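For reference, the chains in residue letters:
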Amino acid sequence: MSANTDPDAAIWIRRHAPQWRTLAAESAAASRRSRATVDEALHTLSAYRALSRHLASAREILPGSVLATTLAQTSAALHAAVNRSPRLTRARWIGLVRDDIPAAAASVRALALWIAVLLVASACAGWWLINTYPELVSLIASPAMIDGVEHGHLWTYQVLNLAPPALLSARIFSNNVVVTLGAFCFGILFGLGAFYMIAINGLMLGGLLAFTHQHGLGLGLLKFTLAHGPVELSVMCLAAAAGTALGDAVIRPGEGGRAESLRRRAAELGPLLVACALLLLGSGLIEGFISPHPGISIPVRLAVGLSYWTLMMLWLSGRLIPRARPRGESQCADPSGATL
Amino acid sequence: MAEEELNVRGLTGVDLTLRIAGPGTRSYAFLIDWQIRLLGALAWLLVALLLRRLPPLSRAPIAHDVMLAGWILALLTYFLYHPVIEVAMRGRTPGKIKAGARIVTLEGATPGVGALLMRNLFRLIDCLPLLYLVGLASCMVTARRVRLGDLAAGTLLVIDESAAGESLVRLGEQMQHTGLSAEALQLIHDLLDRWELLAGAQRIRLARELLAKLDPQAGAGRAGPDGTALRERLEALLVRQHRS
């Protein structure tokens, strides 16, 4: 123990130790850097290769030694610094909006339709429930809401007009985002979380429509929701469909196992959540600025609602921003020069 | 059975090993981050309160807006702390740095923005029903000690080895000039690093045994009541060997 008994190891250490200061400095610099020039990147890669060589040699000459462990730790730190995703460039943003989001939406299209059916069915059940047992409205509405409707006032206009439209939009947006993200995240519970959130929201929607209809305010509520409702409800269905797809990945994992299946599905569906958040931002603005405005007529609201919904559908189906054809794809040249 | 290490294949084909951080490290990091974001949020409210009480503002119509802005900034600080800081610091937060941990992907790489946002999104479930019980339970039952957010994002928390470079330089310099083996050097460093944590009798015994083997001609000598003399001799041994 008192001295290095292996002369080969001592020679190897004397030869390579002077480089470790440079390699360690390069490792630290690479971890700190947020962007690198080509020269810097090449320099870092060269350091990575050198460290790997030293690590492999140390494991061979001094297996299980402290030196081998320290070299492995330094290599691991540099490995993380070298292996990182590229920055979010303009091209990546375009790719996300034009390709990734429509692809993610297409992968949950059938599920989204089923979720929409569930929402409608729950809404019908809510309507029937409150129509048959009006006293049950206290389960889905606050006493202030019930009192207001019974006196002929919709809570939407009473409460919302107290706050400035911008603040109202922000509040509505944040609330909707939480509900939407919740529908996605709770889908991990074998899809039951998403199912529950859609069923409850549908039940409340139908119940409130029935309750307001009973007091002659059904049209007023419909008028209020006409401009923002279509996109808001569609986004909720999309998020719940994505959540159900996550649950499906857990239930039927395939070859890679549950964790791998969940990770892959979540990565595929992530872009859809970005779309949901952006759509809800627009929806929140409409709900804050247009929906509570009593002067805006039903046809205008309908036009706004339908236009926004159509825009959403075009985007999610990939028709809004068509993919640019790579050069030479449309014209397949043959040796004779003829275009096929 | 919990795994202690994550083995990944390096770009050059050499295997690398990362030590997985356990629930203790996670909780420690989270507590520090929680204090920072809470203090940050309270700081915004305090600033808004003080601004509102300033004579020019106290009677102005925007006094209410100042307080509202304070609340909004406080909520944003509290709720967006983790996603924003983790993205900005590429998988680290002040709490994680203090706890000596960082987030990596299953390939040992620095996670991208999408993965970091995804793992933060699932805090909605991990924080349930209170005090991150779901996340903590998940850390305790999963092999790689990950919470649900990490499972979905394909990330995990590992011990941050970025300080290993300094150890490498120190070890390299000493090994280059000393007659001591790497193991002997490491034993001295380990003992000196843990000196304050060890009980008095225990560190004296270890130091004596080490000195008797490394420097038999000098002998163990007097230890003193807290072993300070032995510690100084171990430090001198490193320096002497280094100079020689």
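1. Details of the overall build of chain A
Next up, step 1: A tally of helices and strands in chain A yields 13 helices and 0 strands.
Next up, step 2: In chain A, the succession of α and β elements from N to C terminus is α-α-α-α-α-α-α-α-α-α-α-α-α.
Next up, step 3: Counting every position in chain A, which comprises 340 residues, the buried fraction comes to 40%.
Next up, step 4: Sequence separation of at least 24 residues holds for 78% of the intrachain contacts in chain A that already meet a minimum separation of 6.

2. A short note on the overall build of chain B
Next up, step 1: For chain B, the count of helices and strands is 12 helices and 4 strands.
Next up, step 2: Rg of the C-alpha trace for chain B: 25 Å, well past the compact-globule value of 18 Å for 244 residues, more than 25% over.
Next up, step 3: Considered along the principal axes of its C-alpha atoms, chain B spans approximately 85 × 50 × 35 Å.
Next up, step 4: Counting across all 244 residues of chain B, residues that qualify as buried make up 39%.

3. Some thoughts on helix 3 (residues 66-82) of chain A
Next up, step 1: Given a rise of 1.5 Å per residue, 17 residues ought to cover 24 Å, and the 24 Å separating the end C-alpha atoms of helix 3 of chain A matches this to within 8%.
Next up, step 2: In terms of burial, helix 3 of chain A is largely enclosed, as 16 of its 17 residues are buried.

4. Quick look at the environment of valine 304 of chain A
Residue and element names in this part refer to chain A.
Next up, step 1: By the secondary structure assignment, valine 304 is in helix 13 (residues 298-316).
Next up, step 2: Sequence separation between valine 304 and tryptophan 93 is 211 residues, and the spatial gap between their C-alpha atoms is 27 Å.
Next up, step 3: Not counting chain neighbours up to four residues away, the residues in contact with valine 304 comprise Ala227, Ile286 and Ile290.

5. Some words on the interface of chain B and chain A
Next up, step 1: In this assembly, 48 residues from chain B lie in contact with 49 residues from chain A.
Next up, step 2: For the side of chain B that touches chain A, the secondary-structure elements that each account for two or more residues are strand 2 (15-19), helix 5 (113-121), helix 6 (123-126), helix 8 (148-153), helix 9 (164-177), helix 10 (182-193) and helix 11 (200-214) of chain B.
Next up, step 3: Taken together, the residues of the side of chain B that touches chain A sort by class into 25 nonpolar, 16 polar and 7 charged.

6. Focus: the confidence of the model for chain A
Residues and elements named next belong to chain A.
Next up, step 1: Averaged over all residues, the pLDDT of chain A equals 85, while 89% of them reach at least 70.
Next up, step 2: Every residue in residues 1-5 scores below 50 in pLDDT, and together they form 13 contacts with partners more than four places removed in sequence or on other chains.
Next up, step 3: Note on residues 330-340: pLDDT is under 50 here. Beyond four places in sequence and across chains, it has 5 contacts.

7. Some thoughts on the domain arrangement of chain B
Next up, step 1: For chain B, the assigned domains read domain 1 (5-159) and domain 2 (164-243).
Next up, step 2: The distance between the C-alpha centroids of domain 1 of chain B and domain 2 of chain B comes to 39 Å.

8. Points about the packing of helix 4 (residues 90-107) of chain A against helix 12 (residues 258-289) of chain A
Residues and elements named next belong to chain A.
Next up, step 1: Close contact between helix 4 and helix 12 brings their axes to 8 Å; oriented N to C, the two are set at 110°. Comparing the axis directions of helix 4 and helix 12 gives the class roughly perpendicular. For the pair formed by helix 4 and helix 12, the contact residues are Leu96, Asp100, Ile101, Ala104, Ala105 and Ser107 on the first element and Glu268, Leu269, Pro271, Leu272, Val274 and Ala275 on the second.
Next up, step 2: Among the residues making up the contact of helix 4 with helix 12, the classes are represented as 9 nonpolar, 1 polar and 2 charged.

9. Notes on helix 3 (residues 63-88) of chain B
Residues and elements named next belong to chain B.
Next up, step 1: If you look at helix 3, its biggest bend is around 65°, right at leucine 80, and the proline proline 83 turns up within four residues after that.
Next up, step 2: Those residues of helix 3 not exposed but buried are Val66, Gly70, Ala74, Thr77, Tyr81, His82 and Glu86.
Next up, step 3: If you follow the buried residues of helix 3, they end up packed against helix 1 (23-53), helix 2 (55-58), strand 3 (101-105) and helix 5.
Next up, step 4: Following helix 3 by one or two positions, arginine 90 adopts a phi angle in the positive range, close to 50°.

10. Focus on the nonpolar core
Grouped burial of nonpolar side chains is what soluble globular proteins tend to show.
Residue and element names in this part refer to chain A.
Next up, step 1: Leu238, Ala240, Ala241, Ala242 and Leu272 are the most contacted members of the largest nonpolar core, which has 126 residues in total.
Next up, step 2: Ranked by the residues each element gives to this core, the list is headed by helix 11 (residues 229-251), at 13 residues.
Next up, step 3: Look past the residues within four positions of alanine 241 in its chain and what remains in contact with it is Val108, Leu111, Ala112 and Ile115.

11. Things to note about the packing of helix 1 of chain B against helix 3 of chain B
All names here are of chain B.
Next up, step 1: Look at helix 1 against helix 3: their axes get within 8 Å of each other, and the N-to-C directions meet at 170°. One finds that helix 1 runs roughly antiparallel with respect to helix 3. Contacts between helix 1 and helix 3 involve Asp33, Arg37, Leu38, Gly40, Ala41, Trp44, Leu45, Val47, Ala48, Leu51 and Arg52 on the former and, on the latter, Ala63, Val66, Met67, Ala69, Gly70, Trp71, Leu73, Ala74, Thr77, Tyr78, Tyr81 and His82.
Next up, step 2: Here the contact of helix 1 with helix 3 is composed, by residue class, of 16 nonpolar, 4 polar and 3 charged.

12. Notes on the confidence of the model for chain B
Next up, step 1: In the predicted model, chain B carries a mean pLDDT of 86, and 92% of its residues have values of at least 70.
Next up, step 2: Prediction confidence for the complex, expressed as pTM and ipTM, is 0.84 and 0.84 respectively.

13. Quick look at the environment of leucine 45 of chain A
Next up, step 1: By the element assignment, leucine 45 of chain A lies in helix 2 (residues 38-61).
Next up, step 2: With 154 residues separating them along the chain, leucine 45 of chain A and alanine 199 of chain A place their C-alpha atoms 54 Å apart.

14. A word on the environment of lysine 96 of chain B
Residues and elements named next belong to chain B.
Next up, step 1: Mapping lysine 96 onto the fold places it in helix 4 (residues 94-99).
Next up, step 2: C-alpha of lysine 96 to C-alpha of isoleucine 32: the two residues are 64 residues apart in sequence and 8.2 Å apart in space.
Next up, step 3: Dropping the residues within four chain positions of it, lysine 96 is found in contact with Ala29, Ala101 and Arg102.

Definitions and cut-offs
- Residues numbered from 1 in each chain as written.
- Chains lettered and ligands numbered in written order.
- Predicted model: local features only at pLDDT ≥ 70, side-chain atom pairs only at ≥ 80, totals over all residues.
- Helix = DSSP H or I, 4+ residues; strand = E, 2+ residues; numbered from the N terminus.
- Buried ≥ 20, exposed ≤ 12 C-beta atoms within 10 Å, placed from the backbone.
- Contact = placed C-beta atoms within 7 Å.
- Rg over C-alpha atoms; globule rule 2.2 N^0.38 Å.
- Expected span 1.5 Å × (residues − 1).
- Nonpolar A, V, L, I, M, F, W, Y, C, P; charged D, E, K, R; others polar.
- pLDDT = per-residue confidence, 0-100.
- Domains from an automatic or database assignment.
- Axes fitted to C-alpha atoms, helices over the stretch in contact; angles between N-to-C directions.
- Parallel < 35°, antiparallel > 145°, perpendicular 65-115°, else oblique.
- Bend = angle between axes of the 7 residues up to and from the residue.
- Core = buried A, V, L, I, M, F, W, Y, C linked by C-beta atoms within 7 Å.

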